[in-house]
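If you want the building blocks of each chain, they are given just below.
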Amino acid sequence: MTTELIVKGKLSDNERLKAESNFLRGTISEDLKDGITGGFSADNFHLIRLHGMYQQDDRDIRGERQKQKLEPLHNVMLRARLPGGIITPKQWLTIDKFAQEKTSYGSIRLTTRQTFQFHGVLKPNIKLMHQTLNSIGIDAIATAGDVNRNVLCTPNPIESEVHQEAYEWAKKISEHLLPKTRAYAEIWLDEEKVETTENDEPILGRTYLPRKFKTTVVVPPQNDIDVHANDLNFVAISENGKLIGFNVLVGGGLAMTHGDKSTYPRKADDFGFISVEQTLAVAEAVVTTQRDWGNRVNRKNAKTKYTLDRVGVDVFKAEVEKRAGISFAQSRPYTFTERGDRIGWVEGVDNKHHLTLFIENGRILDFPSDNHSGISKNLKTGLRQIAEIHQGDFRLTANQNLIIAGVAQADKTQIEKIAREHGLINDNISNQRKSSMACVAFPTCPLAMAEAERYLPTLVDDVETILTKNGLEGESIILRVTGCPNGCGRAMLAEIGLVGKGPGKYNMHLGSNLGGTRVPKLYKENLNEQDILTEIDTLTARWASERDQGECFGDYVIRASVVDEVKISARDFHDD
Ligand code: SRM
Ligand code: SF4
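Not measured: the values here are computed from a predicted model.

Undergrad: Break down the pairing of strand 7 (residues 215-218) for me, with residues and values.
TA: In regular strands, side chains alternate between the two faces of the sheet. Alternating positions in strand 7 separate into two faces, Thr215 and Val217 on one and Thr216 and Val218 on the other, with burial throughout. In this structure, strand 6 (residues 152-153) lies alongside strand 7, joined through two bridges in parallel fashion. Within strand 7, the position partnered with leucine 152 by the bridge is threonine 216.

What follows is the structure, given as structure tokens:
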């Protein structure tokens, strides 16, 4: 390997702690026994991420505790591993019970990556949490930290054989790229201690990846998992209803840092077509190339997207071909036309029925009542009751929604009745609300600069009013809010993306499209909530009167030169 392919310099501290961790063990077990603090010590604070957890505290009460000279009320957030987002009703009941009895918020939070999170788990309950999950066949391995994360898959596997096969590949890729260290089993499940050597971790190595790594399997024309947010994507190509292979897209990612032009959202590059048999070899080659060439000096530029731009797409691709022992063929044609979930019932190829429920912000909780319609919103109770009788499974979507999948004709009426009684189905939810999404942000996210999840419902109320006023009732714009530029709510693939800058202040980006194949451009900075509504009012009024037939808002703002189009490069994004 030539040295230019590797960034020289002092390695980031995360590299030291991974190297010294004895394959992710650190001193987590000792720390767990320390009852003096509710938190984890320096290195373990980071290491627990590789076990699917983040140390947090409630930011709403942080100041008050400080005044009382108390340490923050440390707790952990856990993110489960759920490739393709599938979970059984029996598993759901256990998760529901744990959330109810052992977490401070009582909620189950569906994420933008097809899994769920518990928030507010105190130290004495952490081991119990892992053991509870393990008892139902779920773990939290590799859902955070410098590894390949939860593998996403277009979530309607029963709709076609191709969907089913795509899901099987998502599971296989997830397993193939998992860390092989037994640290998780030893620490959380009290299993026998067995020494790990370099040979035991052939794909990830002793220091794992330079940064987080994200993979999807997607079935066009849906792009409901947003490929361009991901490092590695397998786009399913089928012929006569059979999966024949994948187009491979590499190097997507959305995060940036305010004021740092070396960071930017980036679309993935098309490497070409492979046969299904080549899938695991290619996945492994992309991961190991990024493992070896990714920037371990500066974590801000460590993701695959920056490696591609630094070494060159062709050089990276040639290395993948060499390592996988394959040659990419010409990409096969496909198009992405939509990204949302189809809320409501659909019938599958197996004659079973699937009900997609819209879950605002993915937050499953019993809310006092729906602010908008006044009807009950006991979402958690409703889902528990459905899980008690449902014979099929639950599928989490990457838009924070939930599918009750595989319902027999005979059970449809009862499931729908429970869903309606608990506010899980509400016919008055607008298309705009269904097209809107926000990240968690306050109070649990330590990186939040502005509200997102708690801001979204009222923002959408106001946008609905504006659309109606401008003659656009029933229409929708992909609207996403993230509390900081890390982009967890994928605002950097929205037609209108709001990125938190400070309390009550957001940057507004405009111009993604329905298929999610364009990054939106910065339009205005530091807008407050009133400025945001004024801008949306002015722009949607123009859109209503000037748009071409069927032209979506994101395409319109580019055609009308409201913003320039962002092509693939950082230069388009940052204007220099
Ligand atoms: Fe994220 C960090 C929540 C999807 C980019 N993300 C965080 C943390 C863990 C904050 C932290 O590091 O302490 C947030 C915890 C909040 C909380 O209290 O729950 C957090 N991210 C989320 C979730 C829960 C948002 C949601 O509302 O659903 C999503 C969980 C996904 C999952 O199940 O694995 C989530 N995060 C994303 C996405 C979207 C995606 O992957 O489709 C992105 C942008 C795509 C990308 O990676 O480029 C994303 N999260 C980040 C980043 C920036 C990474 C980077 O490249 O610099 C961070 C910060 C970091 O890693 O340093 C981050
Ligand atoms: Fe937190 Fe920022 Fe991610 Fe929102 S985008 S969850 S504020 S890290």
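Still to come is the rest of the account.
Undergrad: Give me the lowdown on the site of ligand 1, citing residues and values where you can.
TA: The environment of ligand 1 is made up of 31 residues, and the closest members are Thr111, Leu254, Thr444, Cys488 and Arg490. Side-chain polar atom of arginine 113 to an oxygen atom of ligand 1: 2.8 Å apart, as the coordinates give it. Within the contact set of ligand 1, an oxygen atom lies 2.7 Å away from a side-chain nitrogen or oxygen of histidine 119. Those elements that provide at least two residues to the shell around ligand 1 are strand 1 (53-56), strand 2 (75-79) and strand 5 (116-121). Among the residues making up the shell around ligand 1, the classes are represented as 12 nonpolar, 11 polar and eight charged.

Undergrad: So what about the coordination of the iron atom of ligand 1? Which residues, and what values?
TA: Coordination of the iron atom of ligand 1 by the protein comes from a single atom, Cys488 (SG), at 2.3 Å. Along the chain, cysteine 488 falls in the loop between strand 19 (479-482) and strand 20 (496-502).

Undergrad: How would you sum up the side chain of asparagine 148? Please name residues and give values.
TA: Here asparagine 148 shows up in the loop between helix 6 (126-135) and strand 6. Among the residues examined, asparagine 148 registers a relative accessible area of 3% and is labelled buried. Side-chain polar atoms of asparagine 148 contact the side chain of threonine 215, separated by 2.6 Å. Not counting residues within four places of it along the chain, the set of residues in contact with asparagine 148 comprises Ala142, Leu177, Leu209, Phe213, Lys214 and Thr215.

Undergrad: Before we move on, can you summarise the packing of aromatic side chains with the specific residues and values?
TA: Counted under the stated rule, the structure contains 12 aromatic pairs. Centroid distance tryptophan 293 to phenylalanine 316: 6.1 Å. Interplanar angle 90°. Geometry classified as edge-to-face. Of this pair, tryptophan 293 sits in helix 9 (residues 279-293) while phenylalanine 316 is found in helix 11 (residues 313-324), placing the two residues 23 residues apart along the sequence. The exposure class assigned to tryptophan 293 is buried, which follows from its relative accessible area of 2%. Clustering of aromatic rings is evident, with ring pairs tying together Phe271, Trp293, Phe316 and Phe328.

Undergrad: Talk me through the environment of glutamate 186; I want residue IDs and the actual numbers.
TA: Within the secondary structure, glutamate 186 is located in helix 8 (residues 183-189). Sequence separation between glutamate 186 and serine 435 is 249 residues, and the spatial gap between their C-alpha atoms is 43 Å. When neighbours within four sequence positions are excluded, glutamate 186 is seen to be in contact with Arg25, Glu191, Glu192, Lys193 and Val194. Among the polar contacts listed, one links the side chain of glutamate 186 to the side chain of arginine 25, at a separation of 2.8 Å.

Undergrad: Explain the site of ligand 2 to me, using residue names and the numbers behind them.
TA: Ligand 2 sits among Cys439, Ala441, Cys445, Leu447, Ala448, Thr482, Gly483, Cys484, Asn486, Gly487 and Cys488. Per-class residue counts for the shell around ligand 2 are seven nonpolar, four polar and no charged.

Undergrad: So what's going on with the sheet that holds strand 8 (residues 232-239)? Residues and values would help.
TA: Spatially, the five strands line up as an open sheet ordered 6-7-8-9-10, and their pairing is mixed. A strand with exactly one partner marks an edge of an open sheet, and here the two such strands are strand 6 and strand 10 (269-275). Set on the sheet, helix 7 (residues 161-177) makes contact with strand 6, strand 7, strand 8 and strand 9 (242-250); between it and strand 9 the angle comes to about 50°. Most of the contacts of helix 11 go to strand 10, to which it runs at about 20°, and overall it touches strand 9 and strand 10.

Undergrad: Before we move on, could you go through the side chain of arginine 296 and cite the residues and values that matter?
TA: Residue position: arginine 296 is located in the loop between helix 9 and helix 10 (304-311). Of the polar contacts made by the side chain of arginine 296, one reaches the backbone oxygen of threonine 207; its length is 3.2 Å. Residue contacts for arginine 296: discarding those within four places in its chain leaves Leu11, Ser12, Glu15, Lys18, Thr207, Tyr208, Leu209, Pro210 and Arg291.

Undergrad: Quick rundown of the packing of helix 15 (residues 456-469) against helix 16 (residues 529-546)? Include the residues and the values.
TA: Here helix 15 crosses helix 16 at 30°, and the two axes come no closer than 10 Å. It follows from the interaxial angle that helix 15 and helix 16 lie roughly parallel. The hand of the helix 15/helix 16 crossing is right-handed. Residue-level inspection shows Leu459, Asp462, Val463, Ile466, Leu467 and Lys469 of helix 15 in contact with helix 16, the latter providing Ile532, Leu533, Ile536, Asp537 and Thr540. Here the contact of helix 15 with helix 16 is composed, by residue class, of seven nonpolar, one polar and three charged.

Undergrad: Go over the sheet that holds strand 3 (residues 86-87), please, and point to the residues and values.
TA: The strand order across the open sheet formed by five strands is 3-16-17-12-11, and the pairing between neighbours is antiparallel. In the strand order of this sheet, the two ends are held by strand 3 and strand 11 (344-347), each with one partner. Pairing of strand 12 (residues 353-357) with strand 17 (residues 402-407) involves four bridges; the strand directions are antiparallel. Paired with leucine 355 across the strands is isoleucine 404, a residue of strand 17.

Undergrad: Could you give me a rundown of the pairing of strand 19, with the residues and numbers involved?
TA: Burial along strand 19 is two-sided: the face carrying Leu479 and Val481 and the face carrying Arg480 and Thr482 are both buried. Of the pairings in the sheet, the one linking strand 18 (residues 436-438) to strand 19 comprises three bridges and is parallel in character. Considered in strand 19, the bridge of alanine 438 is made with valine 481. A crossover connection joins strand 18 to the parallel strand 19 through helix 15; in handedness this β-α-β unit is left-handed. Pairing of strand 19 with strand 20 involves four bridges; the strand directions are parallel. Bridging from a neighbouring strand, arginine 480 pairs with glycine 497 of strand 20.

Undergrad: Hey, could you go over the pattern of salt bridges for me, with residue numbers and the actual values?
TA: Following the criterion strictly, the structure yields 49 salt bridges and no others. For arginine 384, the salt bridge is made with aspartate 96, and the minimal N-O distance between the two is 2.6 Å. Taken as a pair, arginine 384 in helix 12 (residues 379-389) and aspartate 96 in helix 5 (residues 89-102) lie far apart in primary sequence, 288 residues in all. Arginine 384 sits in the partly exposed class, given a relative accessible area of 22%. Between arginine 433 and aspartate 461 there is a salt bridge, and its shortest N-O distance comes to 2.6 Å.

How each quantity is defined
Residues numbered from 1 in each chain as written. Chains lettered and ligands numbered in written order. Predicted model: local features only at pLDDT ≥ 70, side-chain atom pairs only at ≥ 80, totals over all residues. Heavy atoms only, no water. Buried < 20%, exposed > 50% of the residue type's maximum accessible area, 1.4 Å probe, protein only. Helix = DSSP H or I, 4+ residues; strand = E, 2+ residues; numbered from the N terminus. Pairing = 2+ DSSP bridges. Near = heavy atom within 4 Å. Polar contact = N/O pair within 3.5 Å; in protein donor to acceptor, adjacent residues only side chain to side chain. Nonpolar A, V, L, I, M, F, W, Y, C, P; charged D, E, K, R; others polar. Donors = N, O, S within 2.8 Å, 3.2 Å for Na, K, Ca; no water. Contact = heavy atoms within 4.5 Å. Phe/Tyr/Trp six-rings, centres within 6.5 Å; stacked < 30°, edge-to-face > 60°. Axes fitted to C-alpha atoms, helices over the stretch in contact; angles between N-to-C directions. Parallel < 35°, antiparallel > 145°, perpendicular 65-115°, else oblique. Left-handed = near helix turned anticlockwise from the far one by under 90°. Right-handed = clockwise from strand over helix to strand, strands pointing away. Salt bridge = Lys/Arg side-chain N within 4 Å of Asp/Glu carboxyl O.

Note that all results are geometric; they support no functional claim without further evidence.
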